[in-house]
Amino acid sequence: MPQPPVFDVLGVGFGPSNLALAIAVTEHNATARAEDVVTAHFLERQPRFGWHRGMLLEDATMQVSFLKDLVTLRNPNSSFTFLSYLHEQGRLVDFINHKNLFPLRVEFHDYFEWAAGRVDDLVSYDHDVVDVRPVTEAGETTHFDVVSRTSTGEVEVRRTRDLVLATGLRPALPDGVHASERVWHNRDFLHRVESLTDPRRLVVVGAGQSGAEVTAFLHERFPAAEVCAVFARYGYSPADDSPFANRIFDPAAVDDYFAAPEPVKRKLLDYHANTNYAVVDNDLIAELYRRVYREKVLGRQRLRLLNLSRVAELEDRADGVVVTVESLATGLREVLDADAIVYATGYREADPTALLGRLAARCARDARGRLDVGRDYRLVTDDDLSAGLYLQGGTEHTHGISSSLLSNTSVRVGEILRSVLARRASAVPPRPRYAVGASRIG
Ligand code: FDA
């Protein structure tokens, strides 16, 4: 078998996290001495760049300031800032007049695509990473062989000294619920909604930002349909984006969280869960309330909020779904015939070691079975593993609430790159030689 090409850094997944890392590497290499250049490549299973495309609702806005883009907090002079993007699009002055920190989600997606296009040479799309194998010499694992598969079945192998896993979160459906033609997780919302023609009734489960957005969207898109929002809360609750609470997303908060003892970490997550989890932007809450009240006045209630309730039973039929909604207060049940049900029930962290095969057993875990992660986002492993495994995401238990968000991404990739460079500088063996491309084994 031919020797696979060797990189300093390979990234799995090319969402905003590894895109930001690709930019950090590009900017580092632009001024680095030849011997300090970092060779990097990224593998992404999607056929092209895409950030939660199924939820790119036309009027949805970002929940983070545009200043927390891919680079600004790490390098405000970067040419990859959102402001540089706006300037290039000829919209900078219009954006300034808008007096708004929170761009449209479609606009931020366009910004991400623009940035991804500028580092296109560092990415292979349509590459699903299916395996990571240790490369061991004299008892020491110095590299990983990363195996990816394309949609046409081609298998490629690349070798790397350091691996950065940024594979994102997995959509969470309640136990026993399976996605189908008429049962959707909101991740697929826009791809699915096109299949609806003249729906009579639609059900949305969940009272977080996505649930509220989907409810508002369906209510507006289908003026003849009844839209039932089902959730356990009494009402939609506002996201706390007040300035002091917002500090929980600061780079310094990562240091505080990382250093804190476990009970304090838990408290911090509890205190500030309402900055991110199961909460909705105030403007959207007001808009939904306005619609409910207007319909009350007009005498036709088409937007129904079934609060303090849960879906007790779901029957998935060829021509629709039958949803039994149970009141948590009284136990009374209502059966709803609907065209489709959308679960906006969030995401869960996936165990990144699922990709690592037998390497997984070499990663240290805490008493609760969670991965042990260093401050530099490197997994703690046995001493014979000198190659580095880094995580972007999946570190809420060690680094805090911003782990799965954009807020701290630009700073985090700077920290990871620093760690990669520092370990390389202190490594005893000389660096391997590099080749471009990948070896094919199938
Ligand atoms: P992300 O999930 O974006 O990317 C992971 C990538 O890895 C995907 O492209 C996937 O295809 C790829 N992948 C996975 N497994 C692979 C494999 N085995 N091989 C190859 N590729 C693989 N946060 C915030 O701070 N502000 C906001 O406004 C929002 N808004 C928002 C809206 C919506 C609708 C959602 C669902 C989420 C947000 N978020 C958010 C949170 C969101 O998680 C965050 O913005 C980023 O998507 C995190 O970026 P990552 O690159 O880490 O993961």
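From a predicted model like this one, the values you see are computed outputs, not experimental measurements. (Residues numbered from 1 in each chain as written. Predicted model: local features only at pLDDT ≥ 70, side-chain atom pairs only at ≥ 80, totals over all residues. Heavy atoms only, no water.)

Focus: the overall build of the chain
The helix and strand tally for the chain stands at twelve helices and 18 strands. Computed over its C-alpha atoms, the radius of gyration of the chain comes to 24 Å, within 12% of the 22 Å expected for a compact globule of 442 residues. Counting only residues that meet the buried cut, the chain has 51% of its 442 residues in that class. Considering only intrachain contacts with a sequence separation of at least 6, the fraction spanning at least 24 residues in the chain is 72%. (Helix = DSSP H or I, 4+ residues; strand = E, 2+ residues; numbered from the N terminus. Rg over C-alpha atoms; globule rule 2.2 N^0.38 Å. Buried < 20%, exposed > 50% of the residue type's maximum accessible area, 1.4 Å probe, protein only. Contact = heavy atoms within 4.5 Å.)

Regarding a negative patch on the surface
A cluster of acidic residues, Glu137, Glu140, Asp383 and Asp384, forms a negative patch on the protein surface. Structurally, aspartate 384 is set in the loop between strand 16 (347–349) and strand 17 (388–391). (Patch = residues over 30% accessible without salt bridge, like charges linked within 9 Å, V, L, I, M, F, W, Y side chains within 5 Å. Areas by Shrake-Rupley, 256 points an atom, 1.4 Å probe, with all protein chains shown as cover. Salt bridge = Lys/Arg side-chain N within 4 Å of Asp/Glu carboxyl O. Lys, Arg positive; Asp, Glu negative; His and termini not counted. Charge placed at Lys NZ, Arg CZ, Asp CG, Glu CD.)

Concerning the site of the ligand
As a structural note, the neighbourhood of the ligand is formed by 27 residues, with Ser17, Glu44, Trp51, Gln63 and Leu406 the closest of them. Side-chain polar atom of glutamine 46 to an oxygen atom of the ligand: 3.0 Å apart, as the coordinates give it. Aspartate 128 is positioned with one of its side-chain polar atoms (N or O) 3.3 Å from a nitrogen atom of the ligand. Coverage of the ligand by the protein chains reaches 89% of its 1,000 Å² of free accessible surface. Put simply, the parts of the chain that give the shell around the ligand at least two residues each are helix 1 (16–31) and strand 4 (128–137). Here the shell around the ligand is built from residues that sort into 13 nonpolar, ten polar and four charged. (Near = heavy atom within 4 Å. Polar contact = N/O pair within 3.5 Å; in protein donor to acceptor, adjacent residues only side chain to side chain. Nonpolar A, V, L, I, M, F, W, Y, C, P; charged D, E, K, R; others polar.)

Considering the packing of aromatic side chains
Overall, the coordinates contain 21 aromatic pairs when judged by the stated rule. Judged by centre distance (5.5 Å) and plane angle (50°), the rings of phenylalanine 14 and phenylalanine 42 are tilted. Placement of phenylalanine 14 in the loop between strand 1 (6–12) and helix 1 and of phenylalanine 42 in strand 2 (residues 40–43) is noted, with a sequence separation of 28 residues between them. Just as phenylalanine 14 is buried, phenylalanine 42 falls in that class too. Judged by centre distance (5.3 Å) and plane angle (85°), the rings of phenylalanine 189 and phenylalanine 217 are edge-to-face. Pair noted here: phenylalanine 189 is in helix 5 (residues 189–193) and phenylalanine 217 is in helix 6 (residues 209–221), with a separation of 28 residues, a long-range link. Phenylalanine 189 gets classed as buried once you look at its relative accessible area, which sits at 0%. What makes phenylalanine 217 buried here is its relative accessible area of 16%. The ring of phenylalanine 80 carries the charged tip of arginine 118 above its face, separated from the ring centre by 3.9 Å. (Phe/Tyr/Trp six-rings, centres within 6.5 Å; stacked < 30°, edge-to-face > 60°. Lys NZ or Arg CZ within 6 Å of the ring centre and 35° of its normal.)

A short note on unusual backbone geometry
Of note, lysine 99 is a non-glycine position whose phi angle comes to about 50°, a positive value. For lysine 99, the position within the fold is in the loop between helix 3 (92–98) and helix 4 (105–118). Judged by relative accessible area, which is 76%, lysine 99 ranks as exposed. Unusually for a residue other than glycine, leucine 308 sits at a positive phi of about 45°. Inspection of the secondary structure puts leucine 308 in the loop between strand 11 (303–306) and strand 12 (309–317).

Structural notes on empty space enclosed by the protein
This structure, assessed with the given rule, holds two cavities of 30 Å³ or more. In this model, the largest cavity occupies a volume close to 70 Å³. In this structure, the largest cavity is lined by Ile248, Asp250, Ala253, Val254, Tyr257, Leu268, Leu269, His272, His399, Gly400, Ile401 and Ser402. Looking at the lining of the largest cavity, the elements with two or more residues in it are helix 8 (251–259) and helix 9 (262–272). For the lining of the largest cavity, the per-class residue count stands at seven nonpolar, four polar and one charged. Mapped onto the domain boundaries, the lining of the largest cavity takes at least three residues apiece from domain 1 (6–168 + 350–441) and domain 3 (245–275). Of the volumes computed, that of the second largest cavity is approximately 40 Å³. Lining the second largest cavity, in full, are Val254, Tyr377, Thr395, His399, Ser402, Ser403, Asn408 and Arg412. (1 Å grid on protein atoms, 1.4 Å probe; cavity = no way out; pocket = protein on both sides within 12 Å on 5 of 7 lines; lining within 4 Å. Points joined across faces, edges and corners; volume = space filled by probe spheres on them. Domains from an automatic or database assignment.)

Considerations on the domain arrangement of the chain
In many analyses, interface size is given as the accessible surface area lost on bringing the parts together. On domain assignment, one finds that the chain holds domain 1 (6–168 + 350–441), domain 2 (171–239 + 277–347) and domain 3 (245–275). Computed from C-alpha coordinates alone, the two centres of domain 2 and domain 3 are separated by 32 Å.

Things to note about the pattern of salt bridges
Applying the stated criterion to the full structure yields 35 salt bridges. With its nearest N and O atoms 2.7 Å apart, the salt bridge here joins glutamate 287 to arginine 290. Residue glutamate 287 and its partner arginine 290 are both found in helix 10 (residues 282–298); the two are separated by three residues, about one turn of the helix. Its relative accessible area of 24% is what places glutamate 287 among the partly exposed residues.

Remarks on the sheet that holds strand 14 (residues 333–338)
Sheet architecture is open: three strands sit in the order 12-13-14, paired in antiparallel fashion. Lying at the two open borders of the sheet, with one neighbouring strand each, are strand 12 and strand 14. Pairwise comparison of adjacent strand axes, ignoring direction, gives a mean angle of 20° for this sheet. Looking at chain direction, strand 13 (residues 320–327) and strand 14 are connected through six bridges and run antiparallel. Considered in strand 14, the bridge of threonine 324 is made with valine 335. (Pairing = 2+ DSSP bridges. Axes fitted to C-alpha atoms, helices over the stretch in contact; angles between N-to-C directions.)

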